[in-house]
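Residue-level listing of the chains:
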Amino acid sequence: DTGVSQNPRHKITKRGQNVTFRCDPISEHNRLYWYRQTLGQGPEFLTYFQNEAQLEKSRLLSDRFSAERPKGSFSTLEIQRTEQGDSAMYLCASSFFTGTSGNYEQYFGPGTRLTVT
Amino acid sequence: DQQVKQNSPSLSVQEGRISILNCDYTNSMFDYFLWYKKYPAEGPTFLISISSIKDKNEDGRFTVFLNKSAKHLSLHIVPSQPGDSAVYFCAASELGTALIFGKGTTLSVSS
């Protein structure tokens, strides 16, 4: 199966610890997006990459959060000094878009559920 | 300030009937609209989309209607099936960048 994959699926950590999540997009997709979803809300945009370039960051992405996509393939999202408010489902999505053509549809992975105790 | 709103948190429909899920938006720069379906503990699954230059798009049992003047779109599911029971999210995009989601509508289809 060549869908979007995310690891780990679940992460429990203590407040103040650092965590890192990984996302592997659909292989031919050049755009990769990170979202966060909390209970009762829709997914909220965090950041996105086109190839290895980070093109946009939401104001939700505080300086404790950093995302990378070093070779334009997989991406990592790191949260430093986690807080209880960081508990959420972290979703990754990918799409193929050239700026003049392509698909707007984003395909999501299964998510990583983070619990900060 | 929510740019995409789904004002009905839940909808109950009998099997075989039509389900109509509604969505309103405020940003006139949105040029693409999408519907996603989500089961618990899974990521959203893409269902159907529509460009702002169209007013209707069909895919099997799913039809999306767009009324730009009213800034309103709807998803019709005909006929509804028990397997359609899930949370449905409306999302909008400007130039293929971030998706802005509504809060979702929980659809329950009873047999």
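Since this is a predicted model, take the numbers as computed values, not measurements. (Residues numbered from 1 in each chain as written. Chains lettered and ligands numbered in written order. Predicted model: local features only at pLDDT ≥ 70, side-chain atom pairs only at ≥ 80, totals over all residues. Heavy atoms only, no water.)

A. View of the interface of chain A and chain B. The interface of chain A with chain B comprises 22 residues on the first partner and 21 residues on the second. Summing both partners gives a buried area of about 1,700 Å² for chain A against chain B, and 60% of it is carried by carbon and sulfur. On inspection of chain A and its partner chain B, the count reaches 0 salt bridges. Taken together, chain A and chain B are joined by 6 residue pairs in polar contact (both at pLDDT 80 or more). (Contact = heavy atoms within 4.5 Å. Buried area = accessible area lost by both parts, 1.4 Å probe. Salt bridge = Lys/Arg side-chain N within 4 Å of Asp/Glu carboxyl O. Polar contact = N/O pair within 3.5 Å; in protein donor to acceptor, adjacent residues only side chain to side chain.)

B. Main features of the sheet that holds strand E7 (residues 65-68) of chain A. Residue and element names in this part refer to chain A. Here we have 4 strands laid out as an open sheet, ordered E1-E3-E8-E7, and antiparallel in their pairing. The open sheet is flanked by strand E1 (5-7) and E7, the only strands paired with a single partner. Across the sheet, the mean angle separating the axes of adjacent strands is 15° when strand polarity is ignored. In terms of strand pairing, E1 meets strand E3 (residues 19-24) through 3 bridges, oriented antiparallel. Paired with Ser5 across the strands is Asp24, a residue of E3. (Pairing = 2+ DSSP bridges. Helix = DSSP H or I, 4+ residues; strand = E, 2+ residues; numbered from the N terminus. Axes fitted to C-alpha atoms, helices over the stretch in contact; angles between N-to-C directions.)

C. Molecular detail of the state of the cysteines. In the structure shown here, the tally under the stated rule is 2 disulfides over all chains. Here Cys23 of chain A is linked by a disulfide to Cys92 of chain A, with a sulfur-sulfur distance of 1.8 Å. Around the S-S axis, the bridge from Cys23 of chain A to Cys92 of chain A shows a dihedral of about -70° and counts as left-handed. Of this pair, Cys23 of chain A sits in strand E3 while Cys92 of chain A is found in strand E9 (residues 88-95), placing the two residues 69 residues apart along the sequence. Each sulfur of the disulfide joining Cys23 of chain B and Cys90 of chain B lies 2.0 Å from the other. Residues Cys23 of chain B and Cys90 of chain B share a disulfide whose torsion about the S-S bond is about -70°; that sign makes it left-handed. Of this pair, Cys23 of chain B sits in strand E3 (residues 19-25) while Cys90 of chain B sits in strand E9 (residues 86-93); the two residues are 67 residues apart in sequence, bridging distant segments of the chain. As far as the burial class goes, Cys23 of chain B and Cys90 of chain B line up, both buried. (Disulfide = S-S within 2.5 Å. Buried < 20%, exposed > 50% of the residue type's maximum accessible area, 1.4 Å probe, protein only.)

D. Here's a closer look at unusual backbone geometry. Along the chain, Asn7 of chain A connects to Pro8 of chain A via a cis peptide bond; the corresponding omega equals -10°. Summarising the element assignment, Pro8 of chain A is placed in the loop between E1 and strand E2 (10-13). Between Val78 of chain B and Pro79 of chain B the backbone carries a cis peptide bond, its omega angle lying at -10°. Within the element layout of this structure, Pro79 of chain B appears in the loop between strand E8 (72-77) and E9. Within the chain, Arg81 of chain A stands out as a residue other than glycine whose phi angle is a positive 50°. The residue Arg81 of chain A is located in the loop between strand E8 (75-79) and E9 in this model. You will see that Ala41 of chain B, though not glycine, has its phi angle at about 65°, which is positive.

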